[in-house]
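# Commentary on secondary and tertiary structure
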Amino acid sequence: MTQAMAQPPAETSPYLPRVGRIDEVRQFTETDKYFRLSFADGQGIRFLPGQFLEVSVFGIGEAPISLCSAPGDQAGVEMCIRRIGDVTGALHNLEAGATVGLRGPFGNGFDMDEAAGKDLLFVAGGLGLAPCRGFILDALNRRDEFRRVTILYGARTPSDLLFADDLKQWDQRDDCDFHVTVDRGDENWTGNTGVITTLFKKMPKLEPANTVAFIIGPPIMFKFAVLEALAMGLRKNQIYCSLERRMKCGLGKCGHCQIRNVYVCQEGPIFSYAEVMRLREGI
Amino acid sequence: MLPHILPKENFDDFVAWLMTQGRVAAPVAKAPNFSFDVLVDKDDIARIRMDYDVTILPPKKYLLPSYETLLDFNGPAPENVRAEIDARPTVLLGVHPYDLHGLQTTVAAFSQDPADASVLARRKATRVIGLNIASYANDEQFMADMGTVDPPDGVADLFLTDIGDRYFVEIGTEAGSEMRRACDCFRPAGPEDHRARQEYDERKAANFKKRLPYHVRYLPELLEASYDSLLWDAVARRCFSCGTCTNVCPTCYCFDVHDNLNIDAASGVRERMWDSCQLEVFAEVAGGENFREQTASRLRHRMFRKGKYILERTGKPGCVGCGRCSVHCVANISILEAFQQIAGEAAEMHAT
Ligand SMILES: Cc1cc2nc3c(=O)[nH]c(=O)nc-3n(C[C@H](O)[C@H](O)[C@H](O)COP(=O)(O)OP(=O)(O)OC[C@H]3O[C@@H](n4cnc5c(N)ncnc54)[C@H](O)[C@@H]3O)c2cc1C
Ligand code: SF4
Ligand code: SF4
Ligand code: FES
């Protein structure tokens, strides 16, 4: 009996995080900060767009945060974090040089190979641009593999816009169509105003049967944007979204993220609209 | 491996020997109920109640404790964080077949990739002595339907059947075989013993009547067909969302994770504790959105986990029919009754 009781090394615990060092912090908006991190073990990370990490500040807790940088084999990661509670608040208090715990990547993500040869439509609302940016950067890095690339982005006000440098770049590129709108402009705003669905009229015609759309943002924005996409003739299984749920493990165990019989932390957070419809409790 | 006999006069010696192998948890009286408790010393052997009907909590608590430390930290930064796994050698004595199935389901759930090192380490350090039952403990049990009146293969190392002045001991695993060899309390079973064991089974078969109006193989589909039924709303009207039902369930395993600071406000532990999908905040995210806000949607989620989701995921029953959730529900919500009613609900939903 005794030999059966040898303990496995505790290092195999899936709860033990790696050490991530914050290399850069930038204040994007009043509530959103950008973080660039690398791994203290020098090992790097391999991930797909749409995947996320569990980020720890010990004594406070852990929170799932999307990877928003270009996917693939990377030395480090980028994240955009909104201050909304305990863990995100603690993360906002950290400066470059500080370390945090990182577990992951978790989730299914999406392999852009599946969209090769297609028109791409990205629709990002608010903080949804963070996960969406990983997809966009991947598409632009491998621009030749796709046909038309269209990016629509909506924020509440001009001061809520995230990733200003990227927005400028995307606007200047002539191999992608970029449109941005704000719900309410200010005195300096000369761009579009109105909800994100108004941008659908501004974009060039896509070939609906040959288009993959990524609609990532708050549930209410997703619902309206999906209607537009369907009206354009896009297929339900070619429209993807990212679902947010409470998460406590990332391992398909704690049950918090469960939608019917699906664990969002493992089988999501990226779902096609067809899957969301089938789940019924998705949106 | 051929069965053996443990004469009851050797029972105390057997338990004393088990206590040399690790801590022993056994059923004891906790008036007016029973509970699995760790025996502190040899005097405690007298407290063991092998005639118990059903315990309040299932023995799952020895694989998935209600609280456990996952990590140890000494400050907010992640350096020097240590993983902790408490897997003490443990013997679970007197586990009924439905609870053996419950243990099997728990292990199956935590074995799924990515596997949970703590639960699996504890399972590895745990020996299980099963105990047969010949009848239901109450009207809320339905093991005959759930296929859990008999033990699952390979969970109990030894499986005991009370045949009067002795236990008929079936050997279920290699470890059980070793135990039989190492402990000198056993003798080989003879023809009389085999006959007594057969008679036990006949009594058992006569006692365990099915209680669902359909074969359990249809349970997942019947649930799916009654997804939109008003039954869930009707039942939920009585539910207090207290989470007692999930706490006493041998196959519930949802948990929460919290950081617990020491008095220095820097070092501490990251703990995991039982949680319940019936609690209102279970699926609420920062900012206030709640993805199962209605009591009915939470109650239905529990019923679906029990009758469908866990089975579909692990291949093991998500409900073993032990009746604990129903017996302990302050609102008298009965899972057996709900499972009985969905047959009619599904037919009605289908007709419209
Ligand atoms: C797949 C995924 C990707 C995400 N990506 C980002 C991102 O890129 N940037 C960003 O700012 N936010 C993101 N979020 C939301 C972020 O996880 C929550 O805002 C965060 O967990 C809130 O934690 P808190 O401790 O600050 O808030 P509190 O309200 O204090 O929450 C306490 C705890 O509850 C749990 N919790 C609360 N809200 C959520 C939630 N929405 N999702 C999961 N668990 C929650 C967490 O375990 C958290 O530690 C993402 C969420 C998910 C599920
Ligand atoms: S024990 Fe009863 S009242 Fe409490 S949550 Fe469960 S079903 Fe509802
Ligand atoms: S759901 Fe109820 S009857 Fe089924 S195993 Fe859990 S406690 Fe027992
Ligand atoms: S976060 Fe725990 S199961 Fe998904």
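Residues numbered from 1 in each chain as written. Chains lettered and ligands numbered in written order. Predicted model: local features only at pLDDT ≥ 70, side-chain atom pairs only at ≥ 80, totals over all residues. Heavy atoms only, no water.

### Quick notes on the pairing of strand β11 (residues 177-182) of chain A
Residues and elements named next belong to chain A.
- β11 sits mainly inside the fold: five of its six residues count as buried.
- In this structure, strand β10 (residues 149-155) lies alongside β11, joined through six bridges in parallel fashion. Looking at β11, one finds that Ala 155 is bridged to Val 182.
- You can see the chain leave β10, run along helix α3 (residues 164-172) and come back into β11, and the turn it takes is right-handed.
- Note: β11 against strand β12 (residues 192-193), two bridges, orientation parallel. Bridge pairing links Val 182 to Thr 193 in β12. (Buried < 20%, exposed > 50% of the residue type's maximum accessible area, 1.4 Å probe, protein only. Helix = DSSP H or I, 4+ residues; strand = E, 2+ residues; numbered from the N terminus. Pairing = 2+ DSSP bridges. Right-handed = clockwise from strand over helix to strand, strands pointing away.)

### Thoughts on the packing of helix α2 (residues 97-111) of chain B against helix α3 (residues 117-124) of chain B
Residues and elements named next belong to chain B.
- One can describe the packing of α2 onto α3 by two numbers: an axis separation of 9 Å at closest approach and a directional angle of 140 degrees. One element, α2, and the other, α3, form an angle in the oblique class. The way α2 lies across α3 gives a crossing that is left-handed. Contacts between α2 and α3 involve Val 107, Phe 110 and Ser 111 from the former and Val 119, Leu 120 and Arg 123 from the latter.
- In terms of residue class, the contact of α2 with α3 is built from four nonpolar, one polar and one charged. (Axes fitted to C-alpha atoms, helices over the stretch in contact; angles between N-to-C directions. Parallel < 35°, antiparallel > 145°, perpendicular 65-115°, else oblique. Left-handed = near helix turned anticlockwise from the far one by under 90°. Contact = heavy atoms within 4.5 Å. Nonpolar A, V, L, I, M, F, W, Y, C, P; charged D, E, K, R; others polar.)

### Re α3(A)
Residue and element names in this part refer to chain A.
- Within α3, burial applies to Asp 166, Leu 167 and Trp 170. Buried residues in α3, looked at end-on, bunch into an arc of 100 degrees, giving them a common side. Exposed positions of α3 whose direction lies more than 90 degrees from the buried face are Lys 168, Asp 171 and Gln 172.
- The inward-facing, buried residues of α3 abut α2 (129-141), β10 and β11. (Arc of directions from axis to C-beta.)

### So, the pairing of strand β7 (residues 76-82) of chain A
All names here are of chain A.
- In terms of burial, β7 is a largely internal element, five of the seven residues being buried.
- Relative to β7, strand β2 (residues 32-39) runs antiparallel, the two being bridged by seven bridges. If you follow Arg 36 over to β7, its bridge partner there is Glu 78.

### Things to note about the interface of chain B and chain A
- Taken residue by residue, the interface counts 60 residues in chain B and 47 residues in chain A.
- A buried area of about 4500 Å², summed over both sides, lies between chain B and chain A, and 54% of it is on carbon and sulfur atoms.
- Counting across the interface, chain B meets chain A through six salt bridges.
- Measuring nitrogen to oxygen at the nearest pair gives 2.7 Å for the salt bridge that ties B:Glu224 to A:Arg260.
- Summed over the shared surface of chain B and chain A, the result is 29 residue pairs in polar contact (both at pLDDT 80 or more).
- Contributions of two or more residues to the side of chain B that touches chain A are made by β4 (67-73), β5 (82-83), β6 (90-95), α2, α3, β11 (255-261), β12 (268-274) and α10 (295-314) of chain B. (Buried area = accessible area lost by both parts, 1.4 Å probe. Salt bridge = Lys/Arg side-chain N within 4 Å of Asp/Glu carboxyl O. Polar contact = N/O pair within 3.5 Å; in protein donor to acceptor, adjacent residues only side chain to side chain.)

### A few points about the domain arrangement of chain A
Residue and element names in this part refer to chain A.
- When the domains of chain A are assigned, the result is domain 1 (18-106) and domain 2 (112-242).
- Interface area for domain 1 against domain 2, summed over the two sides, is near 1300 Å², with a carbon-plus-sulfur share of 63%.
- Where domain 1 packs against domain 2, one counts two salt bridges.
- The salt bridge partner of Arg 26 is Asp 165, with a shortest N-O separation of 3.5 Å.
- Our count for the domain 1 to domain 2 interface comes out at three residue pairs in polar contact (both at pLDDT 80 or more).
- Those elements that place two or more of their residues in the side of domain 1 that touches domain 2 are β2 and β7.
- In terms of residues, the side of domain 1 that touches domain 2 owes the most to one element, β7, which gives three residues. (Domains from an automatic or database assignment.)

### Let's talk about the site of ligand 3
- Surveying the vicinity of ligand 3 reveals the residues B:Cys249, B:Pro250, B:Lys306, B:Cys319, B:Val320, B:Gly321, B:Cys322, B:Gly323, B:Arg324, B:Cys325 and B:Ile335.
- Taken together, the residues of the shell around ligand 3 break down into seven nonpolar, two polar and two charged. (Near = heavy atom within 4 Å.)

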